[in-house]
Amino acid sequence: MSKLTSWVPIVFFSTMLASYFVTKSVMELKKENQSLTEQLSRQNSITENANRTFRIINNVSSLNSEERNRSAVDSEKVKTVIKTVLVNNDCANTAIPNDALIRMHDYSERIRASGIHSDTGTPNR
């Protein structure tokens, strides 16, 4: 029995030493797990915000496209109505002099430009 009893302290010490290292490894793994969980949460928030931003931009672009299409259709309807109303009008077939046409075009451009800049200091004439 003496041989067996001499091994008991060695086995006990070895078990305690192994238990210490296992406990230390488990604690380190728990800390790493917590850190990675927090990092994943932050990355998920960033991804969620980016996706929300992309959806908003996509919705705005879609609405702008729809509005352009509606404006084009409305413009075509107005052209058709004007052509229909002026079909038998004597003035509709009258040629406009180039100088008058250029001045009317310039005037309309000034009106558009003043609407963009909203400069009320200069008249539109």
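Scroll up to find the structure.
Draft legend 1. Molecular detail of the overall build of the protein. Of the regular secondary structure elements, the protein holds 2 helices and 0 strands. Relative to its full complement of 125 residues, the protein shows a buried share of 1%. In the form shown here, the protein has an accessible surface area of approximately 11,800 Å², with 61% of it arising from carbon and sulfur atoms.

Draft legend 2. Examining a nonpolar patch on the surface more closely. A surface patch of nonpolar side chains, about 440 Å² in accessible area, is lined by Val 78, Val 81, Ile 82, Val 85 and Leu 86. Inspection of the secondary structure assignment puts Val 85 in helix H1 (residues 2-85). A relative accessible area of 61% means that Val 85 is categorised as exposed.

Draft legend 3. How the structure looks around the packing of aromatic side chains. On inspection of all chains with the given rule, the structure shows 1 aromatic pair. Look at Tyr 20 and Phe 21: their rings are 5.4 Å apart centre to centre, the planes differ by 65°, and that puts the pair in the edge-to-face class. Its relative accessible area of 46% is what places Phe 21 among the partly exposed residues.

Draft legend 4. Region of interest: the pattern of salt bridges. Across all of its chains, the model carries 4 salt bridges by this definition. The closest approach of N and O atoms between Glu 67 and Arg 70, which form a salt bridge, is 3.1 Å. With Glu 67 and Arg 70 both in helix H1, this residue pair falls 3 residues apart, about one helical turn.

Draft legend 5. The environment of Glu 67, seen in detail. Note on Glu 67: relative accessible area 41%, which makes it partly exposed. Side chain to side chain, Glu 67 and Arg 70 meet in a polar contact 3.1 Å long.

The rules behind each value
- Residues numbered from 1 in each chain as written.
- Predicted model: local features only at pLDDT ≥ 70, side-chain atom pairs only at ≥ 80, totals over all residues.
- Heavy atoms only, no water.
- Helix = DSSP H or I, 4+ residues; strand = E, 2+ residues; numbered from the N terminus.
- Buried < 20%, exposed > 50% of the residue type's maximum accessible area, 1.4 Å probe, protein only.
- Areas by Shrake-Rupley, 256 points an atom, 1.4 Å probe, with all protein chains shown as cover.
- Patch = residues over 30% accessible without salt bridge, like charges linked within 9 Å, V, L, I, M, F, W, Y side chains within 5 Å.
- Salt bridge = Lys/Arg side-chain N within 4 Å of Asp/Glu carboxyl O.
- Phe/Tyr/Trp six-rings, centres within 6.5 Å; stacked < 30°, edge-to-face > 60°.
- Polar contact = N/O pair within 3.5 Å; in protein donor to acceptor, adjacent residues only side chain to side chain.

Nothing here speaks to function; it is all geometry.
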